[in-house]
Number of protein chains: 6
Amino acid sequence: MRPSNRKPDQLRNIRITRHYTKHAEGSVLIECGDTKVICTASVVEKVPGFLKGKNQGWMTAEYGMLPRSTDSRMDREAARGKQSGRTQEIQRLIGRSLRAVVDLTKLGERTIHVDCDVIQADGGTRTASITGAFVAVHDAITLLLEKKLIAESPLSDFVGAISVGVYKGVPVLDLDYLEDSDCDTDMNVVMTGSGGFVEVQGTAEGAPFSREEMGAMLDLAQSGIQQLVAAQKTALVI
Amino acid sequence: MRPSNRKPDQLRNIRITRHYTKHAEGSVLIECGDTKVICTASVVEKVPGFLKGKNQGWMTAEYGMLPRSTDSRMDREAARGKQSGRTQEIQRLIGRSLRAVVDLTKLGERTIHVDCDVIQADGGTRTASITGAFVAVHDAITLLLEKKLIAESPLSDFVGAISVGVYKGVPVLDLDYLEDSDCDTDMNVVMTGSGGFVEVQGTAEGAPFSREEMGAMLDLAQSGIQQLVAAQKTALVI
Amino acid sequence: MRPSNRKPDQLRNIRITRHYTKHAEGSVLIECGDTKVICTASVVEKVPGFLKGKNQGWMTAEYGMLPRSTDSRMDREAARGKQSGRTQEIQRLIGRSLRAVVDLTKLGERTIHVDCDVIQADGGTRTASITGAFVAVHDAITLLLEKKLIAESPLSDFVGAISVGVYKGVPVLDLDYLEDSDCDTDMNVVMTGSGGFVEVQGTAEGAPFSREEMGAMLDLAQSGIQQLVAAQKTALVI
Amino acid sequence: MRPSNRKPDQLRNIRITRHYTKHAEGSVLIECGDTKVICTASVVEKVPGFLKGKNQGWMTAEYGMLPRSTDSRMDREAARGKQSGRTQEIQRLIGRSLRAVVDLTKLGERTIHVDCDVIQADGGTRTASITGAFVAVHDAITLLLEKKLIAESPLSDFVGAISVGVYKGVPVLDLDYLEDSDCDTDMNVVMTGSGGFVEVQGTAEGAPFSREEMGAMLDLAQSGIQQLVAAQKTALVI
Amino acid sequence: MRPSNRKPDQLRNIRITRHYTKHAEGSVLIECGDTKVICTASVVEKVPGFLKGKNQGWMTAEYGMLPRSTDSRMDREAARGKQSGRTQEIQRLIGRSLRAVVDLTKLGERTIHVDCDVIQADGGTRTASITGAFVAVHDAITLLLEKKLIAESPLSDFVGAISVGVYKGVPVLDLDYLEDSDCDTDMNVVMTGSGGFVEVQGTAEGAPFSREEMGAMLDLAQSGIQQLVAAQKTALVI
Amino acid sequence: MRPSNRKPDQLRNIRITRHYTKHAEGSVLIECGDTKVICTASVVEKVPGFLKGKNQGWMTAEYGMLPRSTDSRMDREAARGKQSGRTQEIQRLIGRSLRAVVDLTKLGERTIHVDCDVIQADGGTRTASITGAFVAVHDAITLLLEKKLIAESPLSDFVGAISVGVYKGVPVLDLDYLEDSDCDTDMNVVMTGSGGFVEVQGTAEGAPFSREEMGAMLDLAQSGIQQLVAAQKTALVI
């Protein structure tokens, strides 16, 4: 029995609010149960040094947690003077996942900076960030198209992400914090709208996991991400 | 004429939402017009080294802005590896302002960490932070009283803050971003509920200001802060 | 009774020594009682990136204290690897105060770097820094005029600074360290030679202060800064 | 055809040299083709703060590359003043992988520090680090047993790691640098000697990958890691 | 001919001013020609961690230059966030040189922090720092003896330092900046009052130097340091 | 009697292995007894900012120790976020020593980056680094000549380095770790192949040293460096 009484293959409630803050080209609040992340996409009319003159754009992501987004207060990374290894790992993952569905040559010499800031955490912040950030990027790109700054959308597909795991011996979908801190295996899966795998990151927190468990987790992820992509589509047509 | 069509002595709309996030002992979203700040108060059961064994508590504040809370994206301070001088100045101001109405000897050997994170900026983020943080601290202290961890409230008064300035030659209350970036004088005032001054920080951005202008600005601040304290009281009784 | 036996409206002895070190375009030792600060103005023939090609100059200030300028030794900021919030706050204040009387468009594409280094501290180091730095900047500008690098002085006025406070219930001028560490209110005031306010930064260290006290402190500051500007003028004609 | 002419399921030559340097409790040079990594295990008789008094040990890993271990010289991380996100990601992976086969409660209140330093890189440095580090840790633990500092081995299994990928449309085992920089999918797999999965980290560098490709890659990884564990066993009995 | 018209074996004028600032236990301004350094010795009643409980004291030195102590303004190390390699090299040299004549076991569990801050530089700042710092340390130790905090002086000898070099082919004593920046060899020598060598650091800036030149330089250094020790003694009896 | 049973004027066994790693233009493993250092020379086709357009090249060196190259594990400098003063001192010494025999104007607008990484330490790592790095630089320059990127060798001489000291009252050559940590004087000497001094850095660790001892140490160094240069020549002709 899951602490939340959800069924093994049941997602938490998803809410995607577009235009959440007023300055960013794309701004989304994504809520997955009690996990809440503000995802913004900012268009900046220049590219990093290593891409200058290469006739293409760039997309990069940063991630942060408000100090009291978690159960006990964490140190503020800006005050400590550096980002933790975990933070860097997550923001690299978000950036790679989004770039997998963006053709940077169609973006022109500009950068989309994605910022994912967790205001309340209850497990699954990195996957919620990816799912929410995609919508923010979509809005930013729509704006570039409307302003005729680009002729064609650089987006080749949707992208969403979810965690799966083995909790008390049972493969489950979308772990919340209570499950996440007590599971044997935790796996984050990123997939495109058309069902290709972009990232699979599985870790045995307790006992190693088997090929069978892996298969079951990938099945759950696949079905969960289809629902998330559907939610993205619904949000984008409102 | 003010860009927002407000009268010189008119505050922006204030909204104070308590219990905004679920983990913190006090959690407030304060909205002053389009300026939105999440203020949390976290109780930690220890004091900094310099206060160990001194039989008193501590209260300190940190401040941050989400990278795209502003019109153009700012660098993330955690990624740059240090907080700007402006950030440090602001968080020192917030901490001093709140400590002015807290009797630390009544707090016991614990620390209240205040975090003010701006999710949308339109001028006046530091004063909104103080006004909102007071409510979050009040909630955290109420919790300590309810849990009988302290016998008596350490709060001696309310505290609120507002900016005033000279805009196009006219003293005005509660500058928004358009006014702030085009004014001659910008002054932040922090006052207690009973009308004492805690901080006055005035800066001539353009021409120096006169004693008369200073007097007019202090009058405006006084009336504005009375309204803010009234809003705090209303929020706390709901 | 003040610890120094001064009257409430009495400044400490001021001594301004020009050409204190030999390399800088302007170099001043200012002594306010036992507070001693070396203020240099260095002319550098370039501007920061954000001003390139804008046909104007820049002026900026840095502040430091020798580790044993104070009663007990402080950590060396260069060894700790960062400047404290207090240091940054002070150097931002010095820079803003000096820029208030300099027309940067008349300076040409060059920067005046002001360095204020406290070699002995007894209260009032930031205000002494401003008063001394103005003289160093004046000397640097005179040199630029003499070398015909600029046609017209960018200086529009004099600028000086002093602290005032409420000590044992009495408003007093020019707090020394003993007063500063035991006062209810501490206020730093920066004014031009013609009597306009540039900065007012008042903090209630103990009890909040009233409008009446504020008025009394501003009166004291006004008279004190007039004397300081007179001392600057005397130093500059020798 | 692979650039190295290897068959899709063919590992590079493995060489494991124990006692490579003289100071460390465990010291191994592992060579996987042209990739060469020095792995040391250092026993330190204390635990980090968060484990003090908890009657258990700790194991942690650090990773580095000599600046010219790669084709073009990289900046030295010690000189730049921080470790890259990639470095932190890798050292976190190494630490987790080794801890998966170590019972920290049997280690006593001591820490095993693993250092993996790449002296020559040709792809697969993180997986070679894990495979080599296990042998170094084994040697360090044998020493603790010989010195009777621990009564029972904390090791529950062997652990090895390998990369697999999809190169020119074909799933292949053990990518070298030429393949790694030109593949569609790159996946690092960590498994125990008894065949359980510890980590699976797959990334689509180009096109997303399918469930079928994932299955093929996991098959390759499984067979490769069995060979690596055999090589570890051979090295340990010499 | 030397730029200063000094003879090859002629020191610059030395001036040692004790009690230069009021807070430090020892405070000296040393002037060697136009090189001016404030040297303070601060007694702190604790020792660094690695000496706790070892029944001995510690002495350490830090060195800095005011940004405009030099001909063109240098970056402030506190603002850059780190001390240069040169600074660290110099402060390590000063510390070692002073410790050579101090018996730390006679100092008790306390630390003498030496701070050498260059307010005007004209070559030879590190050697002037050592010579001046010795006097400051002597004053601090005298105070400890007077207060009966130690029973016996930890000082075993005097110590002084000077630079020598080969300038335009001629070995010379006490290089000023013009010579230093144009010499073939630059050597810093630290000696005790009784004539033993504590440090010899010679560097060929241009052509390598010979054993004969080295002998000539050491002769000059020996005679120069005798004069410096005499000046220290004179200063200490005034 | 020396711990190693060597005679006072006896070097440890030297082994110089060229082409040690495959990527660098010059790559040498130097072994001096149990001290082992990888020295690489990397040619980069640009110069630092301060040399741009000056029609000359640059050569610089960095130094590091693997964390467990020493008897007890040292912190990794990349993880601590800064290089120690000792590291910086050593890498500045290596760079100066090598530049003494290189005519940078003959190098063209390129930089040779030297990296000296200690994989096993037993005293004398800085001098072994210099001796080994010279061979790596020689190989890199030979490559530049072969590729006709430069017309003439910028090397004017060989350069080698050795430590000497006073151990138990006897001047000895080439101190190992046991001697180094227990000697009265430790001196590092750098000389050219033709016998000129490039650097002499002597430190009295215990009692000050005399002119006579200095002479004896320099004699030992001279004979030792002749043997090292002979070993360099032998290695280069193989």
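As the structure is a prediction and not an experimental result, all values here were calculated from the model.

A. Region of the structure containing helix α3 (residues 125-146) of chain B. All names here are of chain B. Here α3 spans 31 Å end to end across 22 residues, near enough to the 32 Å set by a 1.5 Å rise per residue. α3 sits mainly inside the fold: 17 of its 22 residues count as buried. Immediately beyond the C-terminal end of α3, within one or two residues, lies lysine 148, with a positive phi of roughly 55°.

B. Representation of the UniProt feature "domain: Exoribonuclease phosphorolytic" (unreviewed entry) in chain A within the structure. Taking the numbering used here, the UniProt-annotated feature "domain: Exoribonuclease phosphorolytic" (unreviewed entry) corresponds to residues 10-140 and 157-223 of chain A. From the first C-alpha to the last, residues 157-223 of chain A spans 17 Å; its make-up is 25% helix and 43% strand.

C. Local environment of the pattern of salt bridges. As enumerated under the stated definition, the model contains 138 salt bridges over all chains in all. Salt-bridge contacts for arginine 6 of chain B lead to aspartate 174 of chain B; the nearest nitrogen and oxygen are separated by 3.6 Å. One end of the pair, arginine 6 of chain B, is in the segment before β1 (14-18); the other, aspartate 174 of chain B, is in the loop between β7 (170-173) and α4 (177-180), and 168 residues separate them in sequence. Given a relative accessible area of 8%, arginine 6 of chain B falls into the buried group. Of the charged contacts in the structure, one is a salt bridge between glutamate 25 of chain D and arginine 68 of chain F, with a shortest N-O distance of 2.6 Å. Remark: arginine 68 of chain F occurs in the loop between β4 (58-65) and α1 (77-80) and glutamate 25 of chain D occurs in the loop between β1 (14-18) and β2 (26-32); the pair is interchain, linking two chains.

D. Representation of unusual backbone geometry. Residues and elements named next belong to chain E. The backbone of histidine 19 sits at a positive phi, close to 55°, despite the residue not being glycine. You will see that lysine 148, though not glycine, has its phi angle at about 55°, which is positive. A residue is classified by how much of its surface remains accessible, and lysine 148, at 73% relative accessible area, is exposed.

E. Here's a closer look at the sheet that holds strand β1 (residues 14-18) of chain E. Residues and elements named next belong to chain E. Sheet architecture is open: five strands sit in the order β1-β2-β3-β5-β4, paired in mixed fashion. Only two strands of the sheet have a single neighbouring strand rather than two, namely β1 and β4 (58-65). Strand-to-strand twist in this sheet, taken as the mean axis angle between neighbours without regard to direction, amounts to 15°. Pairing analysis gives nine bridges linking strand β3 (residues 35-44) to strand β5 (residues 111-120), with the strands arranged antiparallel. Within β5, the position partnered with isoleucine 38 by the bridge is aspartate 117. Set on the sheet, helix α3 (residues 125-146) makes contact with β1, β2 (26-32), β3, β4 and β5; between it and β3 the angle comes to about 35°.

F. Quick look at the sheet that holds strand β2 (residues 26-32) of chain C. Residues and elements named next belong to chain C. Across the sheet, which stays open at both edges, the five strands sit in the order β1-β2-β3-β5-β4 with mixed pairing between neighbours. With one partner strand each, in any of the chains shown, β1 (14-18) and β4 (58-65) form the two edges of the open sheet. Taking the axes of each pair of neighbouring strands and ignoring which way they run, one obtains an average angle of 15° across the sheet. Where β1 meets β2, five bridges bridge the pair, whose relative direction is antiparallel. Residue pairing for β2: arginine 15 is matched across the bridge by glutamate 31. Each of β1, β2, β3 (35-44), β4 and β5 (111-120) touches helix α3 (residues 125-146); the most contacted strand, β3, lies at about 35° to it.

Conventions we followed
Residues numbered from 1 in each chain as written. Chains lettered and ligands numbered in written order. Predicted model: local features only at pLDDT ≥ 70, side-chain atom pairs only at ≥ 80, totals over all residues. Heavy atoms only, no water. Helix = DSSP H or I, 4+ residues; strand = E, 2+ residues; numbered from the N terminus. Expected span 1.5 Å × (residues − 1). Buried < 20%, exposed > 50% of the residue type's maximum accessible area, 1.4 Å probe, protein only. UniProt positions renumbered as here; feature names shortened; annotations may be inferred. Salt bridge = Lys/Arg side-chain N within 4 Å of Asp/Glu carboxyl O. Pairing = 2+ DSSP bridges. Axes fitted to C-alpha atoms, helices over the stretch in contact; angles between N-to-C directions. Contact = heavy atoms within 4.5 Å.

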